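Structure at a glance
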Amino acid sequence: HHCRLCGDIFCNDCSAHRCLLPLEGPQFEKPVRVCNDCFPDVDKQNYFSMRRYLTPLILFDPENKDTMAVGGRRGENGDDNDELGPKQCAAALSALTSDLDAVLLDCTTFQEKITLGADVLVPAIVRHLTHRSTSDRAVRALSSLLALGN
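Cut-offs and rules
- Residues numbered from 1 in each chain as written.
- Predicted model: local features only at pLDDT ≥ 70, side-chain atom pairs only at ≥ 80, totals over all residues.
- Heavy atoms only, no water.
- Helix = DSSP H or I, 4+ residues; strand = E, 2+ residues; numbered from the N terminus.
- Expected span 1.5 Å × (residues − 1).
- Buried < 20%, exposed > 50% of the residue type's maximum accessible area, 1.4 Å probe, protein only.
- Salt bridge = Lys/Arg side-chain N within 4 Å of Asp/Glu carboxyl O.
- Core = buried A, V, L, I, M, F, W, Y, C linked by side-chain atoms within 4.5 Å.
- Contact = heavy atoms within 4.5 Å.
- Patch = residues over 30% accessible without salt bridge, like charges linked within 9 Å, V, L, I, M, F, W, Y side chains within 5 Å.
- Areas by Shrake-Rupley, 256 points an atom, 1.4 Å probe, with all protein chains shown as cover.
- pLDDT = per-residue confidence, 0-100.
- Axes fitted to C-alpha atoms, helices over the stretch in contact; angles between N-to-C directions.
- Parallel < 35°, antiparallel > 145°, perpendicular 65-115°, else oblique.
- Left-handed = near helix turned anticlockwise from the far one by under 90°.
- Nonpolar A, V, L, I, M, F, W, Y, C, P; charged D, E, K, R; others polar.

1. A closer look at helix H3 (residues 86–105)
- Spanning 20 residues, H3 covers 28 Å between terminal C-alpha atoms, matching the ideal 28 Å at 1.5 Å per step.
- Considered for burial, the residues of H3 that qualify are Pro86, Cys89, Ala90, Ala92, Leu93, Leu96, Thr97, Asp99, Leu100 and Val103.

2. Focus on the pattern of salt bridges
- Scanning the model with the defined rule gives six salt bridges in all.
- Across the pair Arg51 and Asp37 runs a salt bridge, and its minimum N-O distance is 3.3 Å. You can see Arg51 sitting in the loop between helix H1 (39–43) and helix H2 (54–59) and its partner Asp37 sitting in the loop between strand E2 (32–34) and H1, a full 14 residues away along the chain.
- Accessibility expressed as a relative area gives 14% for Arg51, which makes it buried.
- Its salt-bridge partner being Asp101, residue Arg140 comes within 2.7 Å of it at the nearest N-O pair. Residue Arg140 is located in helix H6 (residues 135–149), and its partner Asp101 is located in helix H3; the two are separated by 39 residues in the primary sequence.
- Put simply, Asp8, Asp37 and Arg51 are held in one network by salt bridges that share partners.

3. Topic: the nonpolar core
- Ranked by internal contacts, the top residues of the largest apolar core, which has 23 residues, are Met50, Leu57, Leu93, Leu96, Leu100 and Ile125.
- Elements supplying a minimum of two residues to this core: H2, H3, helix H5 (118–126) and H6.
- Take this core: its biggest share by element is six residues, from H3.
- In this structure Leu96 touches Met50, Tyr53, Leu57, Leu121, Ile125 and Ala141, once residues within four positions along its chain are discounted.
- By size, the runner-up hydrophobic cluster in this structure holds twelve residues, among which are Cys6, Phe10, Leu21 and Val32.

4. Topic: a nonpolar patch on the surface
- Residues Val126, Leu129 and Val139 make up a contiguous nonpolar surface patch of about 210 Å² in total accessible area.
- In this structure, Leu129 sits in the loop between H5 and H6.
- By relative accessible area, which is 34% here, Leu129 ends up partly exposed.

5. Examining the confidence of the model for the chain
- Mean pLDDT over the chain stands at 81; residues scoring 70 or higher make up 85%.
- The low-confidence segment residues 68–81, where pLDDT is below 50, has 21 contacts with residues more than four positions distant or belonging to other chains.

6. Here's the deal with the packing of H3 against H6
- As a packed pair, H3 and H6 sit with axes 9 Å apart at the nearest point and diverge in direction by 20 degrees. It follows that H3 is roughly parallel to H6 by the angle criterion. For H3 against H6, the interelement crossing comes out left-handed. Contacts from Ala90, Leu93, Ser94, Leu96, Thr97, Leu100, Asp101, Val103 and Leu104 in H3 reach Arg137, Ala138, Arg140, Ala141, Ser144, Leu145, Ala147 and Leu148 in H6.
- Here the residues of the contact of H3 with H6 sort into eleven nonpolar, three polar and three charged.

Given below as structure tokens:
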């Protein structure tokens, strides 16, 4: 099962909550699955989940080419269809930076929007400073995060 807010995959016990989300489309006209980690935010009517960036940032290991695929394996037949690589990671870092910059423009939403602690977010970003394809976006995401801390 996957959480309809953050997109991560969970077992049934870890994604047992269902709720209405203010999203467009027929699939959102009825309650949808939300993981146990996102549910407290949804319960407070905070539908902004920074957790959606963690999957590519954590699964793509720039130091280990064998873990560049989702679940730590290459796509079937050696293709790249299942691969989680630097492009997806760079896209996640860019989107994260845009969201952090939006929070900078409206700091009144800081407590509501930044739902991940620095102990989770900073290491997930820092590990991408060493890869040529992601380092510039990792620096930008860190600088936006640091600006929020001021």
